[in-house]
Amino acid sequence: MRHAICNEIYQGWKFEDVARSVRGLGYDALEIAPFTLAETPAEIPEARRREYRSILESEGLKFAGLHWLMVSPKGLHVTTPDTALRERSWRHIRDLIDLCADLGSDGVMVFGSPQQRSTTGGATVAEATARYVDGLAGVASHAAARGVTILVEALPIGQSNVVNSLEEAAAIVRQIGSPAIRTMFDTHNAVDETESHDTLVERYFNLIRHVHVNEMDGKHPGTGDYDFKPVLKALERLGYTGWVSIEAFDFSFGAERIARESILYLKEQNEQIRSDRGGGLHRIGSGEKAAGGRVSGGDR
């Protein structure tokens, strides 16, 4: 497995210090939230973009991609009936495609952003979804030309009412029919799925380009009771070559502790899978909701 981690857990750290820490702890790549780089990411100068890329390369890190796409600038919305605002919001996505391509090759853009894609302005779910699909289709060719893949992220109903299952996300991917539009799997956001998570990974594997892992309450892997092994085993068996990226929402443990404990735990899980190979694994309902509640995935 190739492991990445999302950079926003390193609150207040300099970018070069984040890269050094992440690489030192054994990660292969860094996933970046654009709002951590600038309030208006589109305005990051070319020289600074080259500097970010150079820092990653100097540490031996790959660039996994972008997520939390629409945290800033404020006020954007991609499914609003307000045509001018919607067009401005999709221009922001086009700008992020360029940023993603400038930061590294083969980057993905995880498109969650619940607040900016949910119904608003009296629109129905069907209308909002149609605008979301149209917007994605409109930027697909630009993403393909820049070597970027946009990932439709399914979100639980508690976060958004537009695209709530991996099946819905996959249907959008198939409808658009562009290699630049794919989907991803997130353990935390699959809380409302009715089938086991490894079953979902197997069914939609050909469309999955990225994986986020965290506990069902939003803490980092290993702090709760989610059984990651079925999903990791499915990914290994199917020959997954994308990133398994740690995305934690509870930063109270401290950045380096989160990063260290997460990668050690995931590597331990993979070692157990290898040792159990041939004898079968005990499955612990990875598709079930974990006790103790969950936190919102925020504005991703």
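Predicted, not measured: the structure shown is a model, and the values here were computed from it.

1. Here we look at the confidence of the model for the chain
In this model, the chain carries an average pLDDT of 93, and 92% of its residues clear a pLDDT of 70 or more. Confidence drops under a pLDDT of 50 for residues 280-296, and excluding neighbours within four residues, the segment shows 42 contacts in the predicted structure.

2. Considerations on the pairing of strand β3 (residues 62-66)
The two faces of the sheet receive side chains in turn, since in a regular strand these alternate between them. Along β3, four of the five residues are buried, which leaves the element largely enclosed by surrounding structure. Pairing of strand β2 (residues 29-32) with β3, which is carried by four bridges, proceeds in the parallel orientation. Within the sheet, the bridge partner assigned to E31 lies in β3 and is G65. For the crossover from β2 across helix α2 (residues 46-58) to β3, the handedness is right-handed. When β3 meets strand β4 (residues 108-111), the two strands line up parallel, connected through two bridges. Its bridge partner being in β4, G65 is matched across the sheet by V108.

3. Looking at the nonpolar core
Residues L66, M109, F111, L136 and I150 are the most contacted members of the largest nonpolar core, which totals 82 residues. Looking at this core, the element that brings in the most residues is helix α3 (residues 83-103), giving eight residues. If we skip the residues at most four places from it in the chain, F111 touches L69, M70, V78, W90, I93, R117, Y132, L136, I150, L151, V152 and E153.

4. Section: the packing of α2 against α3
Contact pair α2 / α3: the axes reach a minimum separation of 8 Å and the direction vectors enclose 40°. On the basis of their axis angle, the class for α2 and α3 is oblique. Side by side, α2 and α3 meet where R49, Y52, R53 and L56 of the first sit next to D98, L99, A101, D102 and L103 of the second. In terms of residue class, the contact of α2 with α3 is made up of five nonpolar, no polar and four charged.

So, how was this worked out
- Residues numbered from 1 in each chain as written.
- Predicted model: local features only at pLDDT ≥ 70, side-chain atom pairs only at ≥ 80, totals over all residues.
- Heavy atoms only, no water.
- pLDDT = per-residue confidence, 0-100.
- Contact = heavy atoms within 4.5 Å.
- Buried < 20%, exposed > 50% of the residue type's maximum accessible area, 1.4 Å probe, protein only.
- Helix = DSSP H or I, 4+ residues; strand = E, 2+ residues; numbered from the N terminus.
- Pairing = 2+ DSSP bridges.
- Right-handed = clockwise from strand over helix to strand, strands pointing away.
- Core = buried A, V, L, I, M, F, W, Y, C linked by side-chain atoms within 4.5 Å.
- Axes fitted to C-alpha atoms, helices over the stretch in contact; angles between N-to-C directions.
- Parallel < 35°, antiparallel > 145°, perpendicular 65-115°, else oblique.
- Nonpolar A, V, L, I, M, F, W, Y, C, P; charged D, E, K, R; others polar.

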